[in-house]
Amino acid sequence: MSLPAEFHEIAKRVNNWGRWGEADERGTLNLITDTVVREAVATVRAGRRIPLALPLRQDGVQSGLIPGRVNPLHTMVQINQEIFGPGTIATSDDAVTMGLQAATHWDALPHVSHSGKIYNGRPADTITAHAGARFSSIAAVEHLVSRGVLLDVARARGVDRLPGDHAVTPEDLAAAEEFGGVRARAGDIVLVRTGQVRLALAGDRDAYGHPSPGLSVRTPEWFHARDVAAVANDTLTFEIFPPEIADLWLPVHALHLVEMGLLQGQNWNLEALSTACAEEGRYAFLLTSTPEPFAGATGSPVAPVAVL
């Protein structure tokens, strides 16, 4: 089944291929300039630090909905082992097997493809079983520090959690800006709170997965107009699931990652940040969220921290 004309029309309007040169692998992260970072640092007033990652655990948020994306399996490979001989200092070591997108993570630009292409018009077959992603892998994100902006759509609507069939629209994003007295601008990392992660925190990972609120196919144009650098939210699938357009699966992923080169993240715990922003009366902050640099990977875990 081919993608509908509506999708291709939006794709043309948000396309960034060639904007930063034919060799570019970073996409909208190019919008995070030294000036943007200096202004981000200036948002820090209280020094209050808010962690945004879910714990990496075997009974994590993955339920089998996404094939192969397994929760972390943690194994001890050394336990108090005196590796240099009896009476020497003993060490304990760990190993882990997990899906790189199992919990709080960033999707790299080649995480999805459409029409045989990934970001900047490169062929999708440059992703191989042996080497992974040849271009724009998560290792291309060498550092990710910028101004973070929380668009607390749930709190702006006066609810703890948006209903599962709620597609977050540009109007919702604008209302959350007004509610928080903030405006997303070039180089920002935008965090969109739906409250859906509350289900995961309560242990109901099936309900967390679906039905799930998430971003509407109408929102990529809003982010494109604001020139934001990256977007993350507190859901498993990022966009509304099941999709708002019948049989059009993951269109927001394709528009962000393939067309715009816009990094996106899922499974961020924004609950404590929501409370902190409300208490501080401000919704912009310094955000550090550099992913682990797995060579060739199409995503990576991250432990973001917001500093207010």
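Figured I'd write up the structure that's included with this text. What you are looking at is a predicted structure, and each value in this text was computed from that prediction instead of being measured. (Residues numbered from 1 in each chain as written. Predicted model: local features only at pLDDT ≥ 70, side-chain atom pairs only at ≥ 80, totals over all residues. Heavy atoms only, no water.)

## Re the layout of surface pockets
Line of reasoning, step 1. The computed volume of the largest pocket comes to approximately 240 Å³.
Line of reasoning, step 2. Arg57, Asp59, Gly60, Val61 and Ala200 are, among the 14 residues lining the largest pocket, the residues nearest its centre.
Line of reasoning, step 3. For the lining of the largest pocket, the per-class residue count stands at eight nonpolar, three polar and three charged. (1 Å grid on protein atoms, 1.4 Å probe; cavity = no way out; pocket = protein on both sides within 12 Å on 5 of 7 lines; lining within 4 Å. Points joined across faces, edges and corners; volume = space filled by probe spheres on them. Nonpolar A, V, L, I, M, F, W, Y, C, P; charged D, E, K, R; others polar.)

## Focus: the pattern of salt bridges
Line of reasoning, step 1. On inspection of all chains with the given rule, the structure shows 16 salt bridges.
Line of reasoning, step 2. Across the pair Arg147 and Asp188 runs a salt bridge, and its minimum N-O distance is 2.8 Å. On the criterion of sequence distance, the pair formed by Arg147 in strand β7 (residues 145-152) and Asp188 in the loop between α4 (170-180) and β9 (189-193) is long-range, its members being 41 residues apart. Across this residue pair, the class does not change: Arg147 and Asp188 are buried.
Line of reasoning, step 3. Glu171 is the salt-bridge partner of Arg218, the closest N and O atoms lying 2.8 Å from each other. Taken together, the residues span a long stretch of sequence, with Arg218 in the loop between β10 (214-215) and α7 (219-226) and Glu171 in helix α4 at a distance of 47 residues.
Line of reasoning, step 4. With a relative accessible area of 40%, Arg218 lands in the partly exposed category.
Line of reasoning, step 5. A single salt-bridge network, built from bridges that share partners, covers Asp152, Arg155, Asp160, Arg193, Arg198 and Glu271. (Salt bridge = Lys/Arg side-chain N within 4 Å of Asp/Glu carboxyl O. Helix = DSSP H or I, 4+ residues; strand = E, 2+ residues; numbered from the N terminus. Buried < 20%, exposed > 50% of the residue type's maximum accessible area, 1.4 Å probe, protein only.)

Geometry only, nothing functional implied.
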